[in-house]
Amino acid sequence: MPSTLELNDGSAIPALGFGLYKVSLEETERVVTAGLDAGYRLIDGAEFYGNEREVGAAIAQAADRGIARDELTLTSKFWGDPEQSPAAARTAFEATERNLCTNVDVYMIHWPRPARGQFVDVWRELIALQREGRVRSIGVSNFTQAHIQRLIDETGVVPAINQVESHPWLPQHELRAFHSVNGIVTQAWSPLGRARILDDPTIKKIAEAHKISPAQAIIRWHLQLGGALIPKSTHPHRLAQNLDIDGFALSDDDMARIAALETGERTGTHPDDRQ
Ligand code: A2P
């Protein structure tokens, strides 16, 4: 079982889940089923991924195999395009619940879209959903420190999670430190750098020394930083391998060698650039 991280609202999430970005409609049900059978209990979804009905179908089937809904943490995100507004956020939240055929545990704003000037008001709507008891935890995704500071200053409610791109090339140390001071869990998307970092010679050497795979080495690095992550794989054996990270630990020297890989390179969009 993956370890859990406490959230600032008193609940907890598995540190390690799996993501469904770019998993095709045809594959989603099979991938979710494989993930749940491997032992994952956090599924990271989003309105934008377009596959929430298939996620819902896999969860309903899992219940028949004895994997109870209340063991699971389901996350989703408000896309905010074409309309980033409080009303659109509520409509999207309700559509996600209908598609999943169950409730959402963690709901996030997918992108701040700062030029639209709406993200604080959208955050107020998520706060309202939480106060109405419709969602357990609320968070954000792709928010910078400045965006989060505005949420805190203007609403007094600190997001439970900020899900951001992070991997050894983009460790996000400053943002992680800000999160840690404010009690926010850092949840990494593209934690393997979309597989591009798996070929890095330093990662390969560390993996060989521990007799693990490069993916396992990077996943262990995330966990030892104290963060959460949602690696993606469509292959059952890789989903299982990515969860098998308890039998070894990276040394301080391994962590320092991985820290030296930082280049700032992103595989996705910068938070200020998506409007
Ligand atoms: P696949 O879906 O074919 O298994 P990220 O989570 O950083 O976005 O990375 C996802 C990419 O990493 C996908 O291309 C996925 O490929 C690949 N991947 C995930 N786990 C592993 C693994 N254990 N070994 C090799 N590649 C992996």
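Residues numbered from 1 in each chain as written. Predicted model: local features only at pLDDT ≥ 70, side-chain atom pairs only at ≥ 80, totals over all residues. Heavy atoms only, no water.

## Side note on unusual backbone geometry
Moving on, step 1. Put simply, Asp81 and Pro82 share a cis peptide bond, and its omega is 15°.
Moving on, step 2. In this fold, Pro82 is placed in the loop between strand 5 (73–78) and helix 3 (86–100).
Moving on, step 3. Phi is positive for Arg194, close to 50°, though the residue is something other than glycine.
Moving on, step 4. Within the secondary structure, Arg194 sits in the loop between strand 9 (185–189) and helix 7 (201–210).
Moving on, step 5. Take Arg194: its relative accessible area is 36%, and that puts it in the partly exposed class. (Helix = DSSP H or I, 4+ residues; strand = E, 2+ residues; numbered from the N terminus. Buried < 20%, exposed > 50% of the residue type's maximum accessible area, 1.4 Å probe, protein only.)

## Topic: the sheet that holds strand 4 (residues 42–44)
Sheet strands associate in pairs through backbone hydrogen bonding, adopting either a parallel or an antiparallel arrangement.
Moving on, step 1. Spatially, the 8 strands line up as an open sheet ordered 3-4-5-6-7-8-9-10, and their pairing is parallel. Edge strands, defined here as strands with exactly one partner in the open sheet, are strand 3 (18–19) and strand 10 (228–229).
Moving on, step 2. For strand 8 (residues 161–165) and strand 9, the ladder comprises 5 bridges, and the chain directions are parallel. Counted as the bridge partner of Val164 is Ala188 from strand 9. (Pairing = 2+ DSSP bridges.)

## Structural notes on the site of the ligand
Moving on, step 1. In the vicinity of the ligand, 16 residues are found, and the nearest of them are Leu192, Ser233, Arg238, Gln241 and Asn242.
Moving on, step 2. Pro191 is positioned with one of its backbone polar atoms (N or O) 3.3 Å from an oxygen atom of the ligand.
Moving on, step 3. Between the ligand and Gln241, the relevant distance is 2.7 Å, taken from a nitrogen atom to a side-chain nitrogen or oxygen of the residue.
Moving on, step 4. When the ligand is considered free in solution it has 570 Å² of accessible area, and contact with the protein chains removes 82% of it. (Near = heavy atom within 4 Å. Polar contact = N/O pair within 3.5 Å; in protein donor to acceptor, adjacent residues only side chain to side chain. Areas by Shrake-Rupley, 256 points an atom, 1.4 Å probe, with all protein chains shown as cover.)

## Details of the pairing of strand 5
Moving on, step 1. Counted residue by residue, strand 5 has 6 buried out of 6 residues, so it is predominantly covered.
Moving on, step 2. Burial of the side chains of strand 5 extends over both faces: Thr73, Thr75 and Lys77 are buried on one face and Leu74, Ser76 and Phe78 on the other.
Moving on, step 3. Sheet topology places strand 4 next to strand 5; 3 bridges connect them, and they run parallel. Bridging across to strand 5, Ile43 finds its partner in Leu74.
Moving on, step 4. Taken together, strand 4, helix 2 (residues 52–64) and strand 5 form a β-α-β motif whose crossover is right-handed.
Moving on, step 5. Across 4 bridges, strand 5 lies against strand 6 (residues 106–109) in parallel orientation. Looking across to strand 6, one finds that Phe78 is bridged to Ile109.
Moving on, step 6. Between the parallel pair strand 5 and strand 6, the chain is carried across by helix 3, and the sense of this crossover is right-handed. (Right-handed = clockwise from strand over helix to strand, strands pointing away.)

## Some thoughts on the packing of aromatic side chains
Moving on, step 1. Tallied over the entire structure, the rule returns 5 aromatic pairs.
Moving on, step 2. With 5.1 Å between their ring centres and 70° between their planes, Phe18 and Tyr40 make a pair best called edge-to-face. One end of the pair, Phe18, is in strand 3; the other, Tyr40, is in the loop between helix 1 (25–38) and strand 4, with 22 residues separating them in the sequence. In this pair, the class of Phe18 matches that of Tyr40, namely buried.
Moving on, step 3. Ring geometry for Phe93 versus Tyr107: centroids 4.9 Å apart, planes at 70°, classification edge-to-face. You can see Phe93 sitting in helix 3 and its partner Tyr107 sitting in strand 6, a full 14 residues away along the chain. Comparing Phe93 with Tyr107, the two get one shared label, buried.
Moving on, step 4. Cation over ring: Arg220 sits above Phe248, and NZ or CZ is 5.8 Å from the ring centre.
Moving on, step 5. The positively charged end of Arg274 is found above the aromatic ring belonging to Trp111, 4.5 Å away from the centroid. (Phe/Tyr/Trp six-rings, centres within 6.5 Å; stacked < 30°, edge-to-face > 60°. Lys NZ or Arg CZ within 6 Å of the ring centre and 35° of its normal.)

## Let's talk about helix 3
Moving on, step 1. Between the first and last C-alpha of helix 3 there are 21 Å, a value that for 15 residues agrees with the 21 Å anticipated at 1.5 Å per step.
Moving on, step 2. Of all the positions in helix 3, only Ala88, Ala89, Arg90, Ala92, Phe93, Thr96, Glu97 and Leu100 are classed as buried.
Moving on, step 3. Where helix 3 is buried, its residues touch helix 2, strand 5, strand 6 and helix 4 (119–131).
Moving on, step 4. Positive backbone phi, at 60°, marks Cys101, one or two positions downstream of helix 3. (Expected span 1.5 Å × (residues − 1). Contact = heavy atoms within 4.5 Å.)

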